[in-house]
Amino acid sequence: MGGRIKWIIEDNIVALYIALYGDDGLVLTKSKIRELIEHTVIPKKAFSMRVGNYRYIITKGKGGLNAGYKDGFPKYKKLHIIFKSFNKNKFREYVNLILETRLKLERIKNNS
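Here the structure is a predicted model, which is why all the values come from computation and not from measurement.

Rules used throughout
Residues numbered from 1 in each chain as written. Predicted model: local features only at pLDDT ≥ 70, side-chain atom pairs only at ≥ 80, totals over all residues. Heavy atoms only, no water. Helix = DSSP H or I, 4+ residues; strand = E, 2+ residues; numbered from the N terminus. Buried < 20%, exposed > 50% of the residue type's maximum accessible area, 1.4 Å probe, protein only. Contact = heavy atoms within 4.5 Å. Areas by Shrake-Rupley, 256 points an atom, 1.4 Å probe, with all protein chains shown as cover. Expected span 1.5 Å × (residues − 1).

**Quick word on the overall build of the protein chain**
Helices and strands together make up the secondary structure of the protein chain, namely five helices and zero strands. Starting at the N terminus and walking to the C terminus, you meet the elements of the protein chain as α-α-α-α-α. For the protein chain, the proportion of its 112 residues judged to be buried stands at 36%. Pairs at least 24 apart in sequence give 63% of the contacts found in the protein chain among residues at least 6 apart. When the accessible surface of the protein chain is totalled, it reaches about 7100 Å², and 55% of it is carbon and sulfur.

Okay, here's the thing in structure tokens:
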């Protein structure tokens with residue numbers, strides 16, 4: 001697979017939630033989420049790296065992963081600004097809806 005990876009916004013939102021709160025209360029564990037997302041168009045280890053990028057933003061450079069930071073992560077920062085003020089429970093509900101939809105799509109794909 002050459003060129004840029006086509007991340008969908010939902011994958012970024014799930015990664016941001018995990019960077020902020022971990023996987024407590026989600027319908028899948030972090031490892032199962034990584035497996036589900038990386039089974040699509042995202043290469044191995046990319047999801048964990050994205051979580052690390054968000055940790056870098058959240059901790060203001062004291063933790064996480066700064067790989068790819070040369071452009072300043074403008075999209076990641078914008079998502080962080082939008083979602084950090086969300087109620088944690090509502091944010092978790094939204095992420096669970098994303099994950100449940102991804103699971104259904106994966107099942108449909110595997111049954112066809």
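**Details of helix 1 (residues 9–21)**
Here helix 1 is 13 residues long and its end C-alpha atoms lie 18 Å apart, about the 18 Å a rise of 1.5 Å per residue gives. Among the residues making up helix 1, those that are buried are Asp11, Asn12, Ile13, Val14, Ala15, Leu16, Tyr17, Ile18 and Ala19. Buried-residue contacts for helix 1 involve helix 2 (30–38), helix 3 (46–58), helix 4 (74–83) and helix 5 (88–111). Of the residues flanking the end of helix 1, it is Gly22, one or two places downstream, whose phi is positive at about 80 degrees.

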